[in-house]
Amino acid sequence: MNIQHNISLRPLHTLHLDVAARFFYRWENADKLDELLAHAQEYERVIWLGSGSNTIFLKDITDGLIVQIATNGIQVIDEDEYVRIRVSAGNNWHQFVQYTLSQSWFGLENLSLIPGTVGAAPVQNIGAYGVEVKDYIVSVSGVNTLTQERFVMSNDECQFSYRNSIFKQLPHLLITKVEFRLSKQFNPHIDYGDIARIAQTIADSEKLNANHISQAVIQIRQSKLPDPDKIGNVGSFFHNPIVPADYAKQLLQKYPNLPHYPQSDGKVKIAAAWLIEQAGLKGKKCGAMAVHQQQALVLINTGKAIAQDVIDLKNLIQSTVLERFGIELISEPRFIT
Ligand code: EPU
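The rules we used
Residues numbered from 1 in each chain as written. Predicted model: local features only at pLDDT ≥ 70, side-chain atom pairs only at ≥ 80, totals over all residues. Heavy atoms only, no water. Near = heavy atom within 4 Å. Polar contact = N/O pair within 3.5 Å; in protein donor to acceptor, adjacent residues only side chain to side chain. Areas by Shrake-Rupley, 256 points an atom, 1.4 Å probe, with all protein chains shown as cover. Helix = DSSP H or I, 4+ residues; strand = E, 2+ residues; numbered from the N terminus. Salt bridge = Lys/Arg side-chain N within 4 Å of Asp/Glu carboxyl O. Pairing = 2+ DSSP bridges. Contact = heavy atoms within 4.5 Å. Axes fitted to C-alpha atoms, helices over the stretch in contact; angles between N-to-C directions. Phe/Tyr/Trp six-rings, centres within 6.5 Å; stacked < 30°, edge-to-face > 60°. Buried < 20%, exposed > 50% of the residue type's maximum accessible area, 1.4 Å probe, protein only. Lys NZ or Arg CZ within 6 Å of the ring centre and 35° of its normal. Domains from an automatic or database assignment. Buried area = accessible area lost by both parts, 1.4 Å probe. Nonpolar A, V, L, I, M, F, W, Y, C, P; charged D, E, K, R; others polar.

Re the site of the ligand
- Lining the immediate environment of the ligand, one finds 23 residues, of which Tyr 129, Tyr 162, Arg 163, Tyr 192 and Glu 277 sit closest.
- Measuring from an oxygen atom of the ligand, one finds a side-chain N or O atom of Arg 163 at 2.3 Å.
- Between an oxygen atom of the ligand and a side-chain N or O atom of Arg 221, the distance comes to 3.4 Å.
- In the complex, 82% of the free accessible area of the ligand, which totals 830 Å², lies under the protein chains.
- Where the shell around the ligand is concerned, the elements lending two or more residues are α5 (210-224), β13 (232-236) and α7 (272-278).
- Ranked by residues supplied to the shell around the ligand, first place goes to α7 with three residues.

What follows is the structure, given as structure tokens:
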């Protein structure tokens with residue numbers, strides 16, 4: 001096994017903290033999984049990593065092996081008016097979405113430009129602009145890294161919900177492949193925010209197609225969200241909280257402008273970015289970490305942030321929002337300590 005030693009983790013996670021890994025392996029060949037699992041027994045722990053867009057390394061990792069999942073490949077399993085495809089976990093998510101559009105396979109266009117890998121997408125059930133990835137997943141395959149048993153889980157077994165799944169709860173379940181079912185018929189999802197208007201402007205006199213939606217999403221994301229290659233960030237740092245209906249009603253009486261989204265179970269999702277902004281925290285800094293000016297749900301590394309800056313800003317936001325609105329914000333990224 002080609003294990004690398006003492007490498008910087010700064011380019012391997014998108015918050016770009018300056019920490020290092022003692023042992024690192026880039027896993028590209030899917031056939032080497034058994035060998036890798038056997039070798040992994042020699043370490044105190046193994047940290048499986050995609051492209052590091054939702055993982056924050058808070059310190060040097062000296063006791064474990066970091067494995068970057070970089071297996072590639074897209075396989076068509078079945079085709080009629082839908083296509084079923086099995087996709088390796090290491091594929092870059094955005095490139096995969098663009099590939100599906102180039103094949104006229106529809107459904108994932110609203111999820112354009114989300115950082116990360118295909119294998120990470122089911123873990124927190126990535127979602128944006130009115131679409132969640134769970135709606136296109138047939139099954140998820142992988143290996144239980146504790147028992148080395150392979151699994152294939154149906155969509156139901158994955159227990160998907162807003163920003164959650166069984167894989168978030170049980171991190172020893174390693175995802176190696178995801179099976180998607182995409183339509184050959186374009187069915188636009190344009191109810192969210194400005195998406196319809198922007199997509200129509202891009203379409204101009206042409207009939208609206210999935211590429212227009214993808215471009216609209218890319219445009220919106222680029223205007224609000226910092227490019228992680230330029231400014232360190234992990235996208236949304238907190239979940240949008242979901243509160244009981246009666247509590248949402250009380251809040252809305254006091255704050256009629258509060259952006260809120262009723263859920264099918266009667267609860268109400270609240271925009272965390274709005275809570276953070278109204279609490280006066282936009283632009284707030286702790287050391288070199290700051291609340292992003294264009295999107296208060298995003299925390300940025302302005303240059304030389306250290307782990308303590310991240311913790312301090314996270315704690316400040318959580319305590320301020322709790323005190324002001326009585327709502328506990330749950331952080332989204334995985335912290336590795
Ligand atoms: N808002 C503010 N202040 C801000 C930003 C937003 O008041 O600084 C308000 C907006 O006016 C809007 C509401 O908050 O009414 C929601 O804002 P936005 O549409 O930007 O979405 P979000 O709820 O903040 C979620 C996802 C994003 C996803 C967008 C678009 C979560 C935790 N985040 O953000 O996902 O791109 O919706 O669908 O659900 C990510 O996970 O990294 C991510 C970027």
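Points about the pattern of salt bridges
- Taken as a whole and assessed by the stated rule, the structure comprises 14 salt bridges.
- Of the charged contacts, one joins Arg 10 and Asp 18 as a salt bridge, the two residues approaching to 3.9 Å between their closest N and O atoms.
- Through salt bridges with shared partners, a single ionic network connects Asp 78, Arg 84, Arg 86 and Glu 179.

What about the sheet that holds β13?
- With antiparallel pairing, the four strands of this open sheet are ordered in space as β13-β19-β18-β17. The open sheet has two edge strands with one neighbour each: β13 and β17 (285-286).
- The pairing of β13 with strand β19 (residues 298-301) spans three bridges and is antiparallel. Looking at the pairing, Ser 236 lines up with Val 298 of β19.
- Across the sheet, helix α8 (residues 307-325) is in contact with β17, β18 (289-291) and β19; its angle to β18 comes to roughly 30 degrees.

Some remarks on the packing of aromatic side chains
- A complete count under the given rule lists 14 aromatic pairs for this structure.
- Between Trp 93 and Phe 180, the ring centres sit 6.0 Å apart and the planes meet at 50 degrees, which makes this aromatic pair tilted. Of the two residues, Trp 93 sits in helix α2 (residues 93-102) while Phe 180 sits in strand β12 (residues 173-183), which places them 87 residues apart along the sequence. The exposure classification of Trp 93 matches that of Phe 180, with both residues buried.
- These aromatic residues form a ring-pair network of at least three members: Trp 93, Phe 96 and Phe 180.
- The side chain of Arg 181 reaches across the aromatic face of Tyr 82, ending 3.5 Å from its centre.

Some words on the pairing of strand β10 (residues 137-144)
- The element β10 is largely enclosed, with a buried count of seven among its eight residues.
- Pairing of β10 with β12, which is carried by seven bridges, proceeds in the antiparallel orientation. Bridge pairing links Ser 141 to Lys 177 in β12.
- Sheet topology note: the β10/strand β11 (residues 150-154) ladder contains five bridges and is antiparallel. Each residue of the ladder has a partner; that of Ser 141, found in β11, is Val 152.

Describing the environment of Ala 203
- Looking at where Ala 203 falls in the secondary structure, it is placed in helix α4 (residues 195-203).
- Its relative accessible area of 2% is what places Ala 203 among the buried residues.
- Considering only alpha carbons, one finds Ala 203 and Lys 230, 27 residues apart in sequence, at a separation of 29 Å.
- When sequence neighbours within four positions are dropped, the list of residues in contact with Ala 203 reads Leu 208 and His 212.

Notes on the domain arrangement of the chain
- Each assigned domain of the chain is listed here: domain 1 (4-69), domain 2 (74-183) and domain 3 (232-336).
- With four residues of domain 2 at the contact, the number on the domain 3 side is five residues.
- Summed over both sides, the interface of domain 2 with domain 3 buries roughly 440 Å², with 42% coming from carbon and sulfur.
- Taken as a group, Tyr 162, Arg 163 and Lys 168 account for 90% of the area that domain 2 buries against domain 3, more than any other trio of residues on that side.
- Joining domain 2 to domain 3, the criterion identifies one salt bridge.
- Here Glu 332 and Arg 163 are joined by a salt bridge, their closest N and O atoms 3.1 Å apart.
- Seen at the junction of domain 2 and domain 3, the total is three residue pairs in polar contact (both at pLDDT 80 or more).
- Of the residues belonging to the side of domain 2 that touches domain 3, the class tally is one nonpolar, one polar and two charged.

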